[in-house]
Each structure stands twice: as C-alpha cells, then as structure tokens.
Amino acid sequence: MNYELFMRAALAEAHAAVASGDVGDGAVAVMDEAMVARGRDSTRTQGDPTAHAVLSVIREASHRLGRGSLAGISLFCVVEPCVMCVGALMSADVDAIVYALSDPREGACGGHRRIIGQGVPGSRVRVVSGILSEDAAELRPELSREVMPGAS
C-alpha cells in the first residue's frame, strides 16, 4: 500500500479544515488501494465536539459501502486518533490505522491512553505511525513540539 499517497490525501483534508477555521486534521478510508471516503475535522464550524475527521470518514465509508462493518479498510489520519475515535474504529472493525503525528495527551494508539495496537490484549488492528510526520507538523505545531524535539 502506498502510505505516502494516502497520507497526502489526509493532509489535503486537514489543510481544507484549517482553511475553513477548524482544527488541522483530515482522514481517508482506503480499501483495495482505492480511496472510498475522505473527511476533515469540523468541530469548530459545526459546534460539535464529536465532529472529528475520523468519525466523519467512518460515517462516509459506511454510507458508501452500504454496511456498518469496515473490514478491509485502512484508515489514514493526520493526528493519532483519540479514545472516542479509536472506540468507533474498533466497533467498525477496520483493519489498520495509519497516522502521521502522535498526540501524547489525547492519542489512544501509542501514548499513555493506548487502547489499540500491538501489545494490547484482544487488539487485531494494525497501527502504523509517523508517515509524513514532518509535513503534518506544519499543520499542528503544538503536537510537533511535543513529539519532535527541536521543532518550532
């Protein structure tokens, strides 16, 4: 799978979110090397704390595929998903989560709140991190300072 290609699509969604006044996060759902859904954060513009990019993509992918199970889907997102989003991804039965930037405070795939991925009992979801992290750091400098020493 071309991780960089799909992460660039997620980054494009994140840039669109920032341009509309929202938080810089975007996501895409990929199945069989084809993008089936894309989404961006809209928590500010919708006034909805659950309007995360990941949840937007889960809804869109389920709608387009006509099913609640997203087995066979790899989800690419700019920022490590939070506990709420990881719970939804687990319920949707995705195969993989791929993200660019770790979120040490809210992330649930690798930080202190890790509830999914390698080493977590019962977790079958593959987690890949750090894809195009330098590009993502431009969108979320508050995270890049914590994750990438020396970043400004």
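Residues numbered from 1 in each chain as written. Predicted model: local features only at pLDDT ≥ 70, side-chain atom pairs only at ≥ 80, totals over all residues. Heavy atoms only, no water.

**Section: unusual backbone geometry**
- For Glu33, which is not a glycine, the phi torsion comes out positive at approximately 65°.
- In this structure, Glu33 sits in the loop between β1 (26-31) and β2 (34-40).
- Classification of Glu33 by relative accessible area gives partly exposed; the value is 46%.
- You will see that Leu132, though not glycine, has its phi angle at about 55°, which is positive. (Helix = DSSP H or I, 4+ residues; strand = E, 2+ residues; numbered from the N terminus. Buried < 20%, exposed > 50% of the residue type's maximum accessible area, 1.4 Å probe, protein only.)

**Overview of the packing of aromatic side chains**
- A complete count under the given rule lists two aromatic pairs for this structure.
- On the basis of an interplanar angle of 70° and a centroid distance of 5.8 Å, the ring pair of Tyr3 and Phe76 is categorised as edge-to-face. Taken together, the residues Tyr3 in helix α1 (residues 3-19) and Phe76 in strand β3 (residues 74-79) connect sequence positions 73 residues apart.
- Residue class for Tyr3 comes out partly exposed when judged on its relative accessible area of 23%.
- Looking at Phe76, the relative accessible area reads 0%, which means it is buried.
- An angle of 50° between the planes, with centres 5.6 Å apart, marks the rings of Phe6 and Phe76 as tilted. Here the residue Phe6 occupies a position in helix α1, and Phe76 occupies one in strand β3, the gap between them amounting to 70 residues. Just as Phe6 is buried, Phe76 falls in that class too.
- An aromatic cluster is present here, built from Tyr3, Phe6 and Phe76 joined pairwise through their rings. (Phe/Tyr/Trp six-rings, centres within 6.5 Å; stacked < 30°, edge-to-face > 60°.)

**Quick notes on the nonpolar core**
- One finds Val94 and Ile97 to be the most contacted residues of the largest nonpolar core, which totals 27 residues.
- Looking at this core, the elements that each hand over two or more residues are β1, β2, α3 (53-65), β3, α4 (83-92) and β4 (96-101).
- Considering each element in turn, this core owes the most residues, six residues, to α3.
- Setting aside anything within four residues of it in sequence, one finds Val94 in contact with Leu70, Ile73, Leu89, Arg124 and Val125. (Core = buried A, V, L, I, M, F, W, Y, C linked by side-chain atoms within 4.5 Å. Contact = heavy atoms within 4.5 Å.)

**Details of the sheet that holds strand β5 (residues 126-129)**
- If you walk across this open sheet you meet the five strands as β2-β1-β3-β4-β5, and the pairing is mixed. Unpaired on one side and paired on the other, β2 and β5 mark the two borders of the sheet. Strand-to-strand twist of the sheet, defined as the mean angle between neighbouring strand axes without regard to direction, takes the value 15°.
- Sheet topology places β1 next to β2; six bridges connect them, and they run antiparallel. Note on β2: the bridge partner recorded for Val30 is Met35.
- Set on the sheet, α1 makes contact with β1, β2, β3, β4 and β5; between it and β3 the angle comes to about 50°.
- Against the sheet, α3 contacts β1, β2 and β3, and its axis sits at roughly 140° relative to β2. (Pairing = 2+ DSSP bridges. Axes fitted to C-alpha atoms, helices over the stretch in contact; angles between N-to-C directions.)

Keep in mind that these numbers describe shape and distance, not what the molecule does.
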